[in-house]
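Secondary and tertiary structure notes
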Amino acid sequence: MARDEPLTPLEREIETQWRAISPGRCLTGEEIVTLATLGLRWQRYEAAMDHVAACDACLRLLTQLRSLESKAGRQGVSRPRPWNLQLAAAGAAVAAVAFAWIGIGTYRSSRVVVSVHDSGGLVAVTASNRLTGLSALPLAEQNLIAGALRSGRVETPPVLAGLRESGTAARAPFAFSVAAPHGIVVASLQPEFTWKLPAGASTCRIFLACAGNAGRSVATGHLTSERWVPKKPLLQGAVYSWQVAAYDSQGRELQRVPGPVRTLRFKVLDQESAARLDRLRQSAGSSHLAMGLGYAREGLIEEAEGEFAALRQVNPGSGRIRALLESVRALREG
C-alpha cells in the first residue's frame, strides 16, 4: 500500500519494535490495532488484554501508539497511516488508554471479566466487580447486575418461598395439566388462568380463594373453555389459591386440581413493589438486563423471562446470557 507521506520518527520506531516481536508469541500488528480501535467490542478483547498485561513488548507498542494518536489529534492531523503494521484506523484506543493513563497495575483490577450487549449499549463487569454501561442505576442495582453476570445465576427471590410447595407435596403429580399462575407473582389484577381438561370432561369450574379475605373469593359457573380471566380485579398485594374442577357431560365431578396434598398459589404484585419497578424503569431506560433482574427480584418470573429472552437475541453466542435465561426458566418451573 502506497503512503501519502514518509514515516515519522515515532512511526518508524513503532514499526521497528513491532517487527522485533515474535509473531508466534505476541499479538500481530493487526490484532493490536483491532484491540485499540474496537476495545470491548472485539470478540478476543479479554484474551488479548490478558496477554498484553503480561507482555512488556505489546504493552510498550500500545502505549506508544496511544502517544502517537494523541499527538496527531492535538495537531488536527487526519491522514491514513498504512505502515507495514496495518496501523491505519487507530483512533480512540480503548486498550491503549487503559495502559497509558491508569497503568498496568490498575488495569489488572479493572480488567473486564464478562461483557454483554444490551439494548442501551455494552455492559461489562471488571475484575474488581465494578459495573460499566449502566451508570444511571443506583449502586445497589449495579451490584445486583454485576453479581448476576459473574455467576450466571438469578437468585430465587424470597417472595416466592411462601408460594411454592416443598417435600412430598411438590413431587405429587396433578390429575391433569394446569398452567399459570402458579408459584409466581403476577402484575395484572386480572391475570389469565389456563389448564388442559382431562379426557371425558365437558366443563370445569374455577374456585379462587383470597388468603385472609374470604369476601374476595370467587367460584365460577361451568366453563367450556380452557382459559379464564376474572371479570373483577383481584386485590393488590394479596395471595390467592385456586382449584380447577372437571365435570363430565352429566355434571358429575371427575377430577380436581390440585388434589388434597397440593396447592396452587400466586401473589398479586403489591403497591410498594410496583413503585420500585417504576423507579427502576426510569433509571434503566431500555436495558433488558436491568429490568430482567428487577422483575425476577419481585417474583415476576414471566416478565423476567421475556427480558432475558430479548437479551439472548442480541447475544446469541453468550453462554452467560444463556445461563441467566435458563436460571429464570428454572424459577418459573420452581
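Residues numbered from 1 in each chain as written. Predicted model: local features only at pLDDT ≥ 70, side-chain atom pairs only at ≥ 80, totals over all residues. Heavy atoms only, no water.

To continue, consider the confidence of the model for the protein chain. Mean pLDDT for the protein chain: 79, with 71% of residues reaching 70 or above. Residue range residues 77–104 is modelled with pLDDT below 50. Its contacts to residues more than four positions away, or to other chains, number 68 contacts. (pLDDT = per-residue confidence, 0-100. Contact = heavy atoms within 4.5 Å.)

With that settled, the discussion passes to the packing of aromatic side chains. According to the stated counting rule, one finds four aromatic pairs in the structure shown. When the centroid spacing of 5.6 Å and the interplanar angle of 70° are considered together, the rings of Phe193 and Phe266 count as edge-to-face. With Phe193 in strand E5 (residues 193–194) and Phe266 in strand E11 (residues 265–268), this pair connects stretches of sequence that are 73 residues apart. Each of the two residues, Phe193 as well as Phe266, counts as buried. Each member of the aromatic cluster is reached from another via a ring pair, and the members are Phe193, Trp228, Tyr240, Trp242 and Phe266. (Phe/Tyr/Trp six-rings, centres within 6.5 Å; stacked < 30°, edge-to-face > 60°. Helix = DSSP H or I, 4+ residues; strand = E, 2+ residues; numbered from the N terminus. Buried < 20%, exposed > 50% of the residue type's maximum accessible area, 1.4 Å probe, protein only.)

This next bit is on the pattern of salt bridges. Applying the stated criterion across every chain yields a total of 12 salt bridges. The partner of Arg329 in a salt bridge is Glu305, with the nearest N and O atoms 3.2 Å apart. Note that Arg329 is positioned in helix H11 (residues 319–333) and Glu305 in helix H10 (residues 301–314), a separation of 24 residues in sequence. Using a relative accessible area of 37% as the deciding quantity, one classes Arg329 as partly exposed. (Salt bridge = Lys/Arg side-chain N within 4 Å of Asp/Glu carboxyl O.)

With that out of the way, let us pick up the nonpolar core. Grouped together as the largest cluster of nonpolar side chains are 59 residues, with contacts concentrated most on Ile145, Leu149, Trp195, Trp242, Phe266, Leu289 and Phe308. Counting 10 residues, the second-largest nonpolar core is a separate cluster that includes Leu27, Ile32, Cys55 and Ala57. (Core = buried A, V, L, I, M, F, W, Y, C linked by side-chain atoms within 4.5 Å.)

Close contact between helix H9 (residues 288–297) and H10 brings their axes to 8 Å; oriented N to C, the two are set at 160°. In terms of their interaxial angle, H9 and H10 are classed as roughly antiparallel. Here H9 and H10 pass one another in a crossing that is left-handed. Here H9 contributes His288, Leu289, Met291, Gly292, Leu293, Tyr295 and Ala296 to the contact with H10, which in turn contributes Ile301, Glu303, Ala304, Glu307, Phe308, Ala310 and Leu311. (Axes fitted to C-alpha atoms, helices over the stretch in contact; angles between N-to-C directions. Parallel < 35°, antiparallel > 145°, perpendicular 65-115°, else oblique. Left-handed = near helix turned anticlockwise from the far one by under 90°.)

Turning our attention to the pairing of strand E1 (residues 112–118). Bridging between E1 and strand E2 (residues 121–126) involves six bridges; their strand directions are antiparallel. Following the sheet pairing, Val116 is matched in E2 by Val123. Taking the residues between adjacent antiparallel strands as the criterion, E1 and E2 are bridged by two residues. (Pairing = 2+ DSSP bridges.)

In the contact formed by helix H8 (residues 271–284) and H9, the axes pass within 10 Å of each other and the chain directions differ by 170°. Here H8 lies roughly antiparallel to H9, going by the angle between them. Where H8 abuts H9, its residues Arg276, Leu277, Leu280, Arg281 and Ala284 lie against Ala290, Met291, Gly294, Tyr295 and Arg297. Partitioned by chemical class, the residues of the contact of H8 with H9 number six nonpolar, one polar and three charged. (Nonpolar A, V, L, I, M, F, W, Y, C, P; charged D, E, K, R; others polar.)

Let us now look at H8. The end-to-end C-alpha distance of H8, which contains 14 residues, comes to 20 Å, matching closely the 20 Å that a straight helix rising 1.5 Å per residue would cover. Restricting attention to buried positions, one finds in H8 the residues Ser273, Leu277, Leu280 and Ala284. For H8, the arc enclosing every buried residue in end-on projection is 60°, short of the 170-degree limit, so these residues lie on one face. More than 90 degrees from the buried face of H8, the exposed residues found are Gln271, Glu272, Arg279 and Gln282. In this fold, the buried residues of H8 make contact with helix H6 (139–151) and H9. The opening residue of H8 is Asp270, an N-cap whose side-chain oxygen sits 3.2 Å from the backbone nitrogen of Glu272. Backbone geometry just downstream of H8 places Gly285 in the positive-phi region, at approximately 65°. (Expected span 1.5 Å × (residues − 1). Arc of directions from axis to C-beta. Polar contact = N/O pair within 3.5 Å; in protein donor to acceptor, adjacent residues only side chain to side chain.)

Of the consecutive residues Val257 and Pro258, the connecting peptide bond is found in the cis state with omega at 0°. Inspection of the secondary structure puts Pro258 in the loop between strand E10 (253–257) and E11.

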